[in-house]
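Structural overview for review
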Amino acid sequence: MAGSMKHTITILGIESSCDDTGAAVLRQDGSNPAEILSNIVYGQSDLHADFGGVVPEIAARAHAEKLDVAVSEALTTANLKPSDLDAIAVTAGPGLIGGVMSGVMCAKGLSAGLNLPLVGVNHLAGHALTPRLTDQVEYPYLMLLVSGGHCQFLIARGPDDFSRLGGTIDDAPGEAFDKTARLLGLPQPGGPSVQAEAQKGDAKRFKFPRPLMDRPGCDMSFSGLKTALLRARDAIIAEKGGLTTQDRADLCASFQEAVVDVICKKTARALQVYMDENPQPPTLAVAGGVAANTAIRAGLETLCHNLACAFVAPPLALCTDNAAMIAYAGLERFNDGHRDDMTLVARPRWPLDKTAPALLGSGKKGAKA
Ligand code: KG4
Ligand code: ZN
């Protein structure tokens, strides 16, 4: 197959599975690392701000309005014409179905109009393959995907070959950060604002739960944490009539420490499970919005250092939702000979590991990652 492969591949990626409309152009020359020629993202936070969460209908409409703009901007920034493209990759799930459909229809239109091959991409694979785009990490590696809608450990063996070792059985950590911010009157998204407060607080003041620690395996639970935080908050209010800025900082610091603790201990287990089968210490990579958290990054870095594992954390803009990761995952599938056509469907659910049982309650927020 390698002989029939064109030397340079230029691929357009399209992403619209949650609340970011993205279009990106990637180019790969032979076996050199792929180069990001453009990566356009239109966020929708302001459209959803009044509702305390992403409203699917508003998201779908905004995607439909912005997709064409994002695509033409991606081409302009890359200094390319549509006819310079070799293929079109698009998120075909999992995610909010209206948004995914908008992207898939846009990609089908371009594919038909330009007579270009179409490649459907799993959004989670986009996140999970990002360490290969940014750091040329080789298969197999261990991946922690941690975002507003997902939290799972995966062994990545190929663009369509993932094994899940465990994950959250209820809330995703991003959801817990966002909920914590809401309970404490901090701005959304909660991750960055809780992190900023935590830096000023005492992490030892409140003893928040670390669920599932006594259970074997690497499943996690974060829903008890928000209940504990709510109780601690209400106890202070009942006692003193309100929260001081220090109380708030201490609550954030104690909360964040509990999340870091759970993630690091479970990551240590996942690394152990990996090494039980394959004694070579793996590369651990993180992706997803929560991977932007400095305390989580620092904890994982120390852990990897102690276990002699390499640690890769892509830059923030490539951890959160973007189309460059979709173009990249599409490129890998394209190079493997994968092609879709007009029968490509948008899927609200699409697990990466088809053999692992569904995790109860995970992805409540709409299977975004
Ligand atoms: O991957 P992402 O951009 O969107 C999806 O969930 O698909 O992740 C967004 C989540 C939000 O819940 C946000 O609060 C969280 O990532 N986040 C953080 C930080 N930055 C963003 N969580 C903790 N610490 C951060 N610094
Ligand atoms: Zn995502």
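Our subject is the structure listed above.
The text that follows walks through the structure, step by step, so that each part is easy to find. Since this is a predicted model, take the numbers as computed values, not measurements.

Cut-offs and rules
- Residues numbered from 1 in each chain as written.
- Chains lettered and ligands numbered in written order.
- Predicted model: local features only at pLDDT ≥ 70, side-chain atom pairs only at ≥ 80, totals over all residues.
- Heavy atoms only, no water.
- Helix = DSSP H or I, 4+ residues; strand = E, 2+ residues; numbered from the N terminus.
- Buried < 20%, exposed > 50% of the residue type's maximum accessible area, 1.4 Å probe, protein only.
- Areas by Shrake-Rupley, 256 points an atom, 1.4 Å probe, with all protein chains shown as cover.
- Pairing = 2+ DSSP bridges.
- Contact = heavy atoms within 4.5 Å.
- Axes fitted to C-alpha atoms, helices over the stretch in contact; angles between N-to-C directions.
- Parallel < 35°, antiparallel > 145°, perpendicular 65-115°, else oblique.
- Left-handed = near helix turned anticlockwise from the far one by under 90°.
- Nonpolar A, V, L, I, M, F, W, Y, C, P; charged D, E, K, R; others polar.
- Patch = residues over 30% accessible without salt bridge, like charges linked within 9 Å, V, L, I, M, F, W, Y side chains within 5 Å.
- Salt bridge = Lys/Arg side-chain N within 4 Å of Asp/Glu carboxyl O.
- Core = buried A, V, L, I, M, F, W, Y, C linked by side-chain atoms within 4.5 Å.

With that settled, consider the overall build of the protein. Helix and strand counts for the protein stand at 11 helices and 10 strands. Across its three principal directions, the C-alpha atoms of the protein cover 70 × 50 × 35 Å. Sorting the 369 residues of the protein into buried and exposed places 53% on the buried side. Only carbon and sulfur atoms are counted for the fraction: they give 55% of the accessible area of the protein, which is about 15,500 Å².

Moving on: the pairing of strand S6 (residues 141–146). For S6, a buried count of six out of six residues is recorded, marking the element as mostly surrounded by other parts of the structure. Burial along S6 is two-sided: the face carrying Tyr-141, Met-143 and Leu-145 and the face carrying Leu-142, Leu-144 and Val-146 are both buried. In this structure, S6 lies alongside strand S7 (residues 151–158), joined through six bridges in antiparallel fashion. Paired with Leu-144 across the two strands is Phe-153, which belongs to S7. Joining the antiparallel neighbours S6 and S7 is a turn of four residues. Relative to strand S9 (residues 283–287), S6 runs parallel, the two being bridged by four bridges. Note that in S9 the partner of Leu-145 across the bridge is Ala-287.

Here the focus is the environment of Ala-60. Tracing the backbone through its elements, the reader meets Ala-60 in helix H2 (residues 56–78). When residues no more than four places from it in sequence are discounted, the contact partners of Ala-60 are Gly-98, Gly-99 and Ser-102.

Another aspect to go through is the packing of helix H7 (residues 223–240) against helix H8 (residues 245–277). Relative orientation of the contacting elements H7 and H8 amounts to 160°, with a least axis distance of 11 Å. Between H7 and H8, the angle falls in the class roughly antiparallel. Note that H7 runs across H8; the crossing there is right-handed. Across the interface between the two elements, Leu-225, Leu-229, Ala-232, Arg-233, Ile-236 and Lys-240 of H7 pack against Asp-247, Leu-251, Phe-255, Ala-258 and Val-259 of H8. Here the contact of H7 with H8 is composed, by residue class, of eight nonpolar, no polar and three charged.

Packing of helix H5 (residues 173–183) against helix H6 (residues 190–198) brings their axes to within 8 Å, and their N-to-C directions diverge by 65°. It follows from the interaxial angle that H5 and H6 lie roughly perpendicular. Considering how the two elements wind past one another, H5 and H6 form a crossing that is left-handed. Here H5 contributes Phe-177, Asp-178, Thr-180 and Ala-181 to the contact with H6, which in turn contributes Gly-190, Gly-191, Ser-193 and Val-194. Its residues assigned to classes, the contact of H5 with H6 shows three nonpolar, four polar and one charged.

Attention now moves to the sheet that holds strand S2 (residues 20–29). Strand order in the open sheet formed by five strands is S3-S2-S1-S4-S5, and the pairing between neighbours is mixed. The outermost strands of the open sheet, each flanked by one partner alone, are strand S3 (35–43) and strand S5 (118–122). Pairs of neighbouring strands in the sheet enclose a mean axial angle of 20°, with direction left out of account. Across eight bridges, the pairing between strand S1 (residues 8–15) and S2 is antiparallel. Bridge pairing links Gly-13 to Ala-24 in S2. Relative to S5, helix H4 (residues 123–135) is tilted by about 95°, and along the sheet it contacts S1, S2, S3, strand S4 (87–93) and S5.

Here we take up a nonpolar patch on the surface. On the surface, a nonpolar cluster with roughly 280 Å² of combined accessible area is contributed by Ile-97, Met-101 and Met-105. The topology assignment puts Met-101 in helix H3 (residues 97–114).

What tends to happen in soluble globular proteins is that the nonpolar side chains get buried as a cluster. Core analysis: the largest hydrophobic core is formed by 48 residues, its most contacted members being Phe-208, Phe-222, Phe-255 and Leu-300. The set of elements that each furnish at least two residues to this core consists of S6, S7, H5, H6, H7, H8, S9 and helix H9 (294–306). Contacts of Phe-222, omitting those with residues within four sequence positions, involve Cys-151, Thr-168, Asp-170, Asp-171, Pro-173, Ala-176, Val-259, Val-262 and Ile-263. Residues Ile-11, Leu-154, Tyr-328 and Leu-331 belong to the second largest nonpolar core, which totals 35 residues.

What follows is about the pattern of salt bridges. On inspection of all chains with the given rule, the structure shows 13 salt bridges. A salt bridge links Glu-257 to Arg-210; the nearest nitrogen and oxygen atoms lie 3.7 Å apart. Placement of the pair is Glu-257 in helix H8 and Arg-210 in the loop between H6 and H7, with a sequence separation of 47 residues. What makes Glu-257 partly exposed here is its relative accessible area of 26%. Close ionic contact of Asp-261 with Arg-210 constitutes a salt bridge, the shortest N to O distance being 2.9 Å. Of this pair, Asp-261 sits in helix H8 while Arg-210 sits in the loop between H6 and H7, and the two are 51 residues apart along the sequence. Among the residues examined, Arg-210 registers a relative accessible area of 26% and is labelled partly exposed.

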